[in-house]
Amino acid sequence: MKLFHTADWHLGKLVHGVYMTEDQRYVLEQFIEAVRDEKPDAVILAGDIYDRGVPPVEAVELLDWALEQIVLELGTPVLAISGNHDSPDRIAFGSRFMESRGLHLAGGYTGEIKPVVLKDEFGEVHVHLVPYADPGQVRHALGDDGIRTHQDAMAAITAKLEEKLDPSARHVLVGHAFVTPAGEAQPNTSESERPLSIGGAEHVSAALFQSFHYTALGHLHGAHYVLNETIRYSGSPLKYSITEENHDKGYLVVEMDGNGMSAVQKKPLAPRRNMRRVIASIEELERHPVNDDYVFVTLLNEAPVLFPMEKVRAVYPNALHVARQTAPASHQDAQSGVSEETAAKRSQSEPVDLFAGFYQEVKGVPLTEKRKSLFADMLEGLLKEEGAGA
């Protein structure tokens, strides 16, 4: 049994004001081509299909196109669940009549999960689609007032599934959760992952999935396994924040033998544009070759740079963010052993130096000592007036 495991498409994603729709189409074209070439038995999509509950029209159209290609044209079943970014009702719309064509969509958790049955030469593989649900939803669906955390909720869901597992079949669970080896707290792998719980425990123990031959997870954007190699995150197909700069994006190919043992291979997806950091002075940056990547720029200039984004975008037209590298004066002084008296004098001179840098940026010539002295006198007078008024 060959399965493609993917997750966290986040269709309709907006990164620093830029819609990623064309970039998403670019990698989905590669993914669909891989489905065409490798002919998996099914594609698993483990949640966060959209980036928000009410996605833009372009995102809906992109999903419609992708599913049409995979399910109708290539005849490959798609088994998908909603994630915490999705609207369960929208994901589940029309799911009953689409199942006959091979599209299985699990929206909200209702308390009952009927497995999707796949078959190969070794027999049946039962795929259990567990959509994202917060503890309150699971508590209501199961009528169990003891469910208070995500750990409680997933424990109740998996226990209910285990009661009916067919011992003659192989079992795959598809879920969307923050899974750690023992349910311990760990930091998110990306800024673009929305917390599952505010002020409460969002983590789930990997031990809950030991009854399943493979667990296909979504939510965390970096591909990795948890506790053992049968419990895996595929990661997102694109970088959606600069904290994902070092992620290798792609999807997983899972090949399951007759005993339920899985061989997993990571397959890459090449982005239309990379997302990365650029750290340089503006003078150095302006000598870089023109590049279309999505970049987050940190300028090393001590003096202010006039119109920094315009200058950066002359070289990096798709730059998303520009900032100056700064460190608190107190931290710099402590590191270098500067005395309080020297630090105080320097703090008084900094506005003059900043103005001198600004003047040179605008005029193209350095500020004369006479004008620098005049500015310092005016600044001192204003500070004295402000102190007297206080």
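Residues numbered from 1 in each chain as written. Predicted model: local features only at pLDDT ≥ 70, side-chain atom pairs only at ≥ 80, totals over all residues. Heavy atoms only, no water.

Next up on the list: the overall build of the protein chain. Across its full length, the protein chain carries eleven helices and 19 strands. Among the 390 residues that make up the protein chain, the fraction classed as buried is 46%. Within the protein chain, residue pairs in contact and separated by at least 24 positions form 66% of the contacts whose partners lie at least 6 positions apart. (Helix = DSSP H or I, 4+ residues; strand = E, 2+ residues; numbered from the N terminus. Buried < 20%, exposed > 50% of the residue type's maximum accessible area, 1.4 Å probe, protein only. Contact = heavy atoms within 4.5 Å.)

Let us look at the pairing of strand β7 (residues 116-120). Side-chain alternation along β7 places V116, L118 and D120 on a buried face and V117 and K119 on a face that remains uncovered. Taken together, the five bridges between β7 and strand β8 (residues 123-129) define a ladder with antiparallel strand orientation. Along β8, the bridge assignment pairs K119 with E124. The turn joining β7 and β8, which pair antiparallel and follow one another in sequence, is formed by two residues. (Pairing = 2+ DSSP bridges.)

Of note in this structure, D8 is not a glycine but carries a positive phi near 55°. Within the secondary structure, D8 is located in the loop between β1 (2-6) and β2 (14-15). Phi at F307 is positive, roughly 50°, even though this residue is not glycine.

A separate point is the packing of helix α1 (residues 21-38) against helix α2 (residues 57-73). Across the interface, α1 lies against α2 with an axial gap of 11 Å and an inter-helix angle of 5°. Viewed along their axes, α1 and α2 adopt a mutual orientation that is roughly parallel. Contact residues: α1 offers T21, Q24, R25, L28, E29, F31, I32, V35 and R36, while α2 offers E58, L62, W65, A66, Q69, I70 and E73. Broken down by class, the residue content of the contact of α1 with α2 amounts to eight nonpolar, three polar and five charged. (Axes fitted to C-alpha atoms, helices over the stretch in contact; angles between N-to-C directions. Parallel < 35°, antiparallel > 145°, perpendicular 65-115°, else oblique. Nonpolar A, V, L, I, M, F, W, Y, C, P; charged D, E, K, R; others polar.)

What follows is about the sheet that holds β1. Strand order in the open sheet formed by six strands is β6-β5-β4-β1-β15-β16, with mixed pairing between adjacent strands. Pairing within the sheet leaves two strands with one partner each, and these edge strands are β6 (103-106) and β16 (262-268). This sheet shows a mean twist of 20° between the axes of neighbouring strands, independent of strand direction. Pairing analysis gives seven bridges linking strand β15 (residues 250-256) to β16, with the strands arranged antiparallel. Paired with G250 across the bridge in β16 is P268. Sitting on the sheet, α1 is in contact with β1, β4 (42-46), β15 and β16, with an inclination near 175° to β1. The sheet strands contacting α2 are β4, β5 (78-81) and β6, and the helix crosses β5 at an angle near 140°.

Here we come to the sheet that holds strand β17 (residues 275-280). Hydrogen bonds between backbone groups are what pair the strands of a sheet, and the pairing can be parallel or antiparallel. The strand order β17-β18-β19 describes an open sheet built from three strands, whose pairing is parallel. At either end of the open sheet lies a strand with only one pairing partner, and these are β17 and β19 (321-324). Averaged over all adjacent pairs, the angle separating strand axes in this sheet is 20°, with direction ignored.

Our next topic: the pattern of salt bridges. This structure, assessed with the given rule, holds 13 salt bridges. Residue K267 pairs with E38 through a salt bridge whose shortest N-O separation is 2.8 Å. Taken as a pair, K267 in strand β16 and E38 in helix α1 lie far apart in primary sequence, 229 residues in all. Of the residues examined, K267 reaches a relative accessible area of 17% and is grouped as buried. Overall, E38 belongs to the partly exposed group, its relative accessible area being 22%. Through salt bridges with shared partners, a single ionic network connects K2, E38 and K267. (Salt bridge = Lys/Arg side-chain N within 4 Å of Asp/Glu carboxyl O.)

Further remarks concern the nonpolar core. Counting 30 residues, the largest nonpolar core has F4, W9, L11, F31 and V78 as the members making the most contacts within it. Breaking this core down by element, the ones donating at least two residues are α1, β4, α2, β5, β6 and β15. The element contributing the most residues to this core is α2, with seven residues. Setting aside residues no more than four positions away along its own chain, W9 makes contact with Q24, L28, F31, L45, G47, D48, I49, L63, A66, P237 and Y240. L161, L165, F209 and V226 belong to the second largest nonpolar core, which has 26 residues in total. (Core = buried A, V, L, I, M, F, W, Y, C linked by side-chain atoms within 4.5 Å.)

Attention shifts here to the packing of aromatic side chains. The final tally for this structure, using the stated rule, is four aromatic pairs. Here the aromatic rings of F31 and Y251 are separated by 5.1 Å at their centres, their planes lie at 90°, and the arrangement is edge-to-face. In this pair, F31 sits in helix α1 while Y251 sits in strand β15, placing the two residues 220 residues apart along the sequence. Residue class for F31 comes out buried when judged on its relative accessible area of 2%. Clustering of aromatic rings is evident, with ring pairs tying together F4, W9, F31 and Y251. In this arrangement the basic side chain of R25 is found over the ring face of W65, its NZ or CZ atom lying 4.6 Å from the centre. (Phe/Tyr/Trp six-rings, centres within 6.5 Å; stacked < 30°, edge-to-face > 60°. Lys NZ or Arg CZ within 6 Å of the ring centre and 35° of its normal.)

Bringing the environment of T180 into the picture now. On the secondary structure map, T180 appears in strand β10 (residues 178-180). Look at T180 and you get buried, because its relative accessible area is 0%. Ignoring sequence-local partners within four residues, the contact set of T180 consists of Q186, H203, V204, S205, A206 and V226. At 3.1 Å, the side chain of T180 and the backbone nitrogen of G183 are in polar contact. (Polar contact = N/O pair within 3.5 Å; in protein donor to acceptor, adjacent residues only side chain to side chain.)

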